[in-house]
Amino acid sequence: MVKTKWALDPVHSSVDFSVRHMMIANVKGTFNSFNATIEADPTDLTTANIEFSVETASVDTRNKDRDAHLVSADFFDVENHPNMTFKSTSIEKTDEGEYNVTGDLTLRGVTKQETFAVTFEGQGKDPWGNEKAGFSASGAVNRSDYGLVWNAALETGGVLVGDKVKINLQIQAAKAE
């Protein structure tokens, strides 16, 4: 196949994360508003161009007080940094349908190179004749690398919020006309 443009299908896609809480459990959350620009041959991502943007104010951890804290200057500082972005810089095939996608992640005004494991999940036509492709991606970032350093010491030792944030994406995209 040739490289073509793909439009993100947000209704069939998700951007989820989890982080250690009180050193005893993981708290999960999602971002409800995001977009991507993808130019790729889905069966060979090594030449793809991928750009991803997440509205940080759309964070949802199923707790309004926690979400309000996350959008504050202590964490995402959405007033000054409304988006988190990722732009691919290199893609390496690691196995059939498996890739390491490296790129520039910008969060809270800080840009760092990060790598995510991406799997091509398949391709086909929906009942209306639209060509669709599916991908999953996972990785982890250290939130302190991006200036998200707020924390609280626990009486029993350790901290309230872990530094490592695990990220999981499920992406469905439609071939653009």
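Residues numbered from 1 in each chain as written. Predicted model: local features only at pLDDT ≥ 70, side-chain atom pairs only at ≥ 80, totals over all residues. Heavy atoms only, no water.

Focus: the overall build of the protein chain
Move 1: Secondary structure summary: the protein chain contains one helix and 11 strands in total.
Move 2: Surface accessibility of the protein chain: about 9,900 Å² in total, with carbon and sulfur atoms responsible for 49%.
Move 3: Between the mean site of the 17 positive side-chain charges and the mean site of the 26 negative ones, the protein chain shows a separation of 2 Å. (Helix = DSSP H or I, 4+ residues; strand = E, 2+ residues; numbered from the N terminus. Areas by Shrake-Rupley, 256 points an atom, 1.4 Å probe, with all protein chains shown as cover. Lys, Arg positive; Asp, Glu negative; His and termini not counted. Charge placed at Lys NZ, Arg CZ, Asp CG, Glu CD.)

Things to note about unusual backbone geometry
Move 1: In this model, Asp 77 sits at a positive phi of 50 degrees, which is unusual for a non-glycine residue.
Move 2: Relative to the helices and strands, Asp 77 is located in the loop between helix 1 (64–71) and strand 7 (83–95).
Move 3: Phi angles above zero are rare outside glycine, and Arg 108 is one such case at about 55 degrees.
Move 4: For Arg 108, the position within the fold is in the loop between strand 8 (98–107) and strand 9 (110–125).

Things to note about the packing of aromatic side chains
Aromatic rings in a pair are described by how distant their centres are and how their planes are angled relative to each other.
Move 1: Scanning the entire structure with this criterion turns up five aromatic pairs.
Move 2: Between Phe 120 and Phe 135 the ring centres are 5.7 Å apart and the planes differ by 50 degrees, which places this aromatic pair in the tilted class. One end of the pair, Phe 120, is in strand 9; the other, Phe 135, is in strand 10 (residues 131–142), and 15 residues separate them in sequence.
Move 3: On the accessibility criterion, Phe 120 (18% relative accessible area) is buried.
Move 4: Judged by its relative accessible area of 10%, Phe 135 falls in the buried class. (Phe/Tyr/Trp six-rings, centres within 6.5 Å; stacked < 30°, edge-to-face > 60°. Buried < 20%, exposed > 50% of the residue type's maximum accessible area, 1.4 Å probe, protein only.)

Observations concerning the nonpolar core
Move 1: Residues Phe 31, Leu 45, Phe 52 and Phe 76 are the most contacted members of the largest nonpolar core, which totals 42 residues.
Move 2: In terms of residues, this core owes the most to one element, strand 11 (residues 161–175), which gives six residues.
Move 3: In contact with Leu 45, not counting residues within four places along its chain, are Ala 40, Ile 91, Tyr 99, Val 118 and Phe 135. (Core = buried A, V, L, I, M, F, W, Y, C linked by side-chain atoms within 4.5 Å. Contact = heavy atoms within 4.5 Å.)

Considering the environment of Asp 74
Move 1: Tracing the backbone through its elements, the reader meets Asp 74 in the loop between helix 1 and strand 7.
Move 2: The contacts of Asp 74, once residues within four sequence positions are left out, are His 69, Arg 108 and Trp 150.
Move 3: Reaching out from Asp 74, the side chain makes a polar contact with the side chain of His 69 at a distance of 2.7 Å. (Polar contact = N/O pair within 3.5 Å; in protein donor to acceptor, adjacent residues only side chain to side chain.)

Some thoughts on a nonpolar patch on the surface
Move 1: Together, Met 22, Met 23 and Ile 24 give the surface a local cluster of nonpolar side chains, amounting to about 310 Å² of exposed area.
Move 2: Mapped onto the secondary structure, Met 23 falls in the loop between strand 2 (14–21) and strand 3 (25–31).
Move 3: Residue class for Met 23 comes out partly exposed when judged on its relative accessible area of 48%. (Patch = residues over 30% accessible without salt bridge, like charges linked within 9 Å, V, L, I, M, F, W, Y side chains within 5 Å. Salt bridge = Lys/Arg side-chain N within 4 Å of Asp/Glu carboxyl O.)

Let's talk about the pattern of salt bridges
Between side chains of opposite charge, a pair can form when the charged atoms approach closely.
Move 1: Tallying each qualifying case throughout the model produces four salt bridges.
Move 2: Notably, a salt bridge pairs Lys 132 with Asp 9, separated by 3.1 Å at the nearest N-O pair. With a gap of 123 residues between them, Lys 132 in strand 10 and Asp 9 in the loop between strand 1 (4–8) and strand 2 connect regions that are remote in the sequence.
Move 3: Looking at Asp 9, the relative accessible area reads 12%, which means it is buried.
Move 4: In this structure, Asp 126 engages Lys 132 in a salt bridge whose closest nitrogen and oxygen atoms are separated by 4.0 Å.
Move 5: The network of salt bridges with shared partners includes Asp 9, Asp 126 and Lys 132.

Focus: the side chain of Thr 30
Move 1: Of note, Thr 30 is situated in strand 3.
Move 2: Among all residues touching Thr 30, those that are not within four sequence positions of it are Val 15, Asp 16, Phe 17, Ser 58, Val 59 and Asp 60.

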